[in-house]
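Take a look at the letters that make up each chain.
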Amino acid sequence: MSIKRIDYSLYLVTDRSLVPEGKTFLGQIERALEGGVTLVQLREKDTDTGPFIDFAFKVKALTRKFGVPLIINDRLDVAQAVDAEGVHIGQDDMPLKQARAILGPNKIIGVSCNTEEEAAIAIRDGADYLGIGAVWFTSTKKNIKKPLGIEGVKRILKSIENNPVPTVAIGGISASNAYELLVGTETGKIHIDGLAIVSAIMAAEDPKIACEELLSLIEKGFEKIGVKAKRTVEEALDYTVQAAKNVKSKTPMIHHITNYVVINDNANATLAVGASPIMSTSRDEFEDLAVINGAMLLNMGTLNDVNSMILAAQMNARYKNPVVLDPVGCGATGYRKEVVQRFLKECNLTVLKGNAGEILSIAGLGGESRGVDSIGTSEEEVMVNAVKTLARQNNCVVGLTGPVDYISDGQRVFAIENGDTLLPLITGSGCMVSSVVACFVAANRDDYLLATVAAILTVTVASEMAAAREYVNGPGTFRAALIDELYNITNSPEKLKEYAKIRVIE
Ligand code: 3NM
């Protein structure tokens, strides 16, 4: 089961037979992406393998441009051929267990369900999401016997309340019933996470307009049932206080594969905020650790055995542990540039946290890493664009640290202006931030963006308190004081609210 946060709100399922005259299949998909669809499923029931793969590559180029996952209907071989983000399987397609064995833990696998029993089996076997349908009769799918209606969808949702996975509803959904469906199926405990739609988008004169209308109805529906992403400074600060307390009470174990310059500081920072570090590089114990881990931290500072790092990350993803990458010096050499791409592609990252030079280098936005120092540009627009785009492309949270820190999940962007000028003068201060991020996401899995904001705020405020200590008169004493203040501030996290200088950018 993937631990990634996928936005299921508006899920386009394609059907080339519905494209209006004068329009093209790819053109309709592109307009839908411009209109904000959050997921695309390529569904080709009667297309030969060669042309299917050809379409899939073309659609993948579009979804990649918009940072939206591509799911292939039924055909695992096509999904593999184009390296799609996942597959969707029906009840008569390849069984989920075999599909998972073939695709591994990092691909998204969705399963069509029409009954409570099918839903329970799909969840038991590790489905990432369920497609619940058909809600209503639809001419897009001819063999629907008895549509579920709003009550039927709600019944299935109720049956998975205690062991939920994300769900989308499908079948006969359009702007005329989207709001009613979202609100009407909410169980008091869970709700559908999105709407999967074919004809109301594919057959639209302008899919962009259709999608914008659907999204505004979905947003209204989510607002009505109280699902609203936390976006304000007050919400971020309240979250931070609770997040710090959660680290102390849950004491998650953080498996580090980090660099040998900072290993001791990583471990001490982890302990200071209340988590438990383990610094193992032995493949033989990765799985045992993944079973009990809270999170995995990969740090590229002194690269040694890259394959082991990837294996450890994948093992943690299999056990649903968040994975944090610190791409230290990733723009400095050709080798590091290659390795960071492998990490992004193969590790199912939850958070990517680097300095400005590193993040801009990965984003291809002109940043460079000289050695491992940050020399990134200071233009806010460039930074915001970099974190947002990378977050969307890699479906993870991206944190960029510097005089101002920028953190995004692809939708929301926060800026933090805390931090002392002594921070860059000690080696591994950025690495310590990444350790603390791992501690916070391990203990706060409901909102990885705010957990990352909370972690970065904690370290930067602690650095200000450390620098203000009377006996601190340079990097050496500052380093010791920073560990002390990480410990102190997380014992009284309410204080973080007084010191925080946070802005909401989007
Ligand atoms: N699957 P429209 S209903 C592809 O019940 C599909 O699993 C369904 O098309 C299911 O949005 C369906 O045009 C067709 O009604 C949905």
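Since the structure is predicted, the reported quantities are computational estimates derived from the model, not experimental observations.

Draft legend 1. Spotlight on helix 15 (residues 356–363). For helix 15, the tally of buried residues reaches 7 of 8 residues, placing the bulk of the element in the interior. Every buried residue of helix 15 is listed here: A356, G357, E358, I359, L360, S361 and I362.

Draft legend 2. Structural context of the site of the ligand. Contacts to the ligand come from R43, G133, A134, T138, T140, K141, I170, G171, G172, I197, V198 and S199. One of the side-chain nitrogen or oxygen atoms of T138 is found 2.7 Å away from an oxygen atom of the ligand. Between an oxygen atom of the ligand and a side-chain N or O atom of T140, the distance comes to 2.6 Å. Considered on its own, the ligand offers 420 Å² of accessible surface; in the complex 94% of this is hidden by protein. Counted by class, the shell around the ligand contains 4 nonpolar, 6 polar and 2 charged residues.

Draft legend 3. Up close: the side chain of N321. Position of N321 relative to the elements: it lies in the loop between helix 13 (306–318) and strand 12 (323–326). N321 sits in the buried class, given a relative accessible area of 3%. Within polar-contact distance, the side chain of N321 engages the backbone oxygen of A290 at 2.8 Å.

Draft legend 4. Spotlight on the pattern of salt bridges. Applying the stated criterion across every chain, the model contains 26 salt bridges. Where D83 meets K345, a salt bridge forms, and the shortest distance between an N and an O atom there is 3.0 Å. Pair noted here: D83 is in the loop between helix 3 (76–82) and strand 4 (86–89) and K345 is in helix 14 (residues 334–346), with a separation of 262 residues, a long-range link. The exposure class assigned to D83 is partly exposed, which follows from its relative accessible area of 27%. One salt bridge connects E506 with K388, and the closest N-O pair in it is separated by 2.6 Å. Of the two residues, E506 sits in the segment after strand 19 (502–504) while K388 sits in helix 16 (residues 380–394), which places them 118 residues apart along the sequence.

Draft legend 5. Local environment of the pairing of strand 11 (residues 295–299). Most of strand 11 sits out of view: 5 of its 5 residues are buried. Burial along strand 11 is two-sided: the residues A295, L297 and N299 and M296 and L298 are all buried. Strand direction decides the pairing type here: strand 9 (residues 253–257) and strand 11, joined by 4 bridges, are parallel. Note that in strand 11 the partner of H255 across the bridge is M296. Relative to strand 12, strand 11 runs parallel, the two being bridged by 4 bridges. Bridging from a neighbouring strand, M296 pairs with V323 of strand 12. Between the parallel pair strand 11 and strand 12, the chain is carried across by helix 13, and the sense of this crossover is right-handed.

Draft legend 6. Region of the structure containing the sheet that holds strand 11. Here 9 strands make up an open sheet; going across it, the order is 10-9-11-12-13-16-17-18-19 and the pairing mixed. Pairing within the sheet leaves two strands with one partner each, and these edge strands are strand 10 (276–278) and strand 19. Mean inter-strand twist for the sheet, computed between neighbouring axes without regard to direction, equals 20°. The pairing of strand 13 (residues 351–355) with strand 16 (residues 397–401) spans 5 bridges and is parallel. Note on strand 16: the bridge partner recorded for L352 is V398.

About the cut-offs
For every chain, the first residue of its written sequence is number 1, and the numbers climb from 1 along that sequence. Residues qualify for local features only when their pLDDT is at least 70, as the model is predicted, and side-chain atom pairs are given and counted only at 80 or more; totals for whole chains, interfaces and linings, by contrast, use all residues. In computing side-chain properties, one takes all heavy atoms of the structure into account and sets aside hydrogens as well as water. Throughout, exposure labels follow a simple rule: accessible area from a 1.4 Å probe, protein chains only, divided by the maximum for the residue type, with under 20% read as buried, over 50% as exposed, and the rest as partly exposed. Only DSSP runs of H or I reaching four residues or more are called helices, and only runs of E reaching two or more are called strands; each is numbered from the N terminus. We define proximity as follows: a residue is near a molecule or strand when any one of its heavy atoms falls within 4 Å of that partner. For the purposes of these results, a polar contact is taken to be a pair of N or O atoms within 3.5 Å, where, inside protein, one atom must be able to donate a hydrogen and its partner to accept one; residues adjacent in sequence count only when each atom of the pair is a side-chain atom. Exposure was quantified through the Shrake-Rupley algorithm and a 1.4 Å probe, taking into account, for residues, occlusion by the shown protein chains and nothing else. For this classification, the nonpolar set comprises Ala, Val, Leu, Ile, Met, Phe, Trp, Tyr, Cys and Pro, the charged set comprises Asp, Glu, Lys and Arg, and every other residue, Gly included, is treated as polar. For salt bridges, the criterion is a side-chain nitrogen of Lys or Arg within 4 Å of an Asp or Glu carboxyl oxygen. At least two bridges found by DSSP between two strands are what make those strands a pair. Crossover handedness is defined by viewing with both strands directed away from the observer: a clockwise path from the first strand over the helix to the second marks the crossover as right-handed. Axis lines are fitted to C-alpha atoms, over the contacting stretch for helices. Their N-to-C directions set the angle, which ranges from 0 to 180 degrees.

Taken by themselves, the reported measurements are silent on function.
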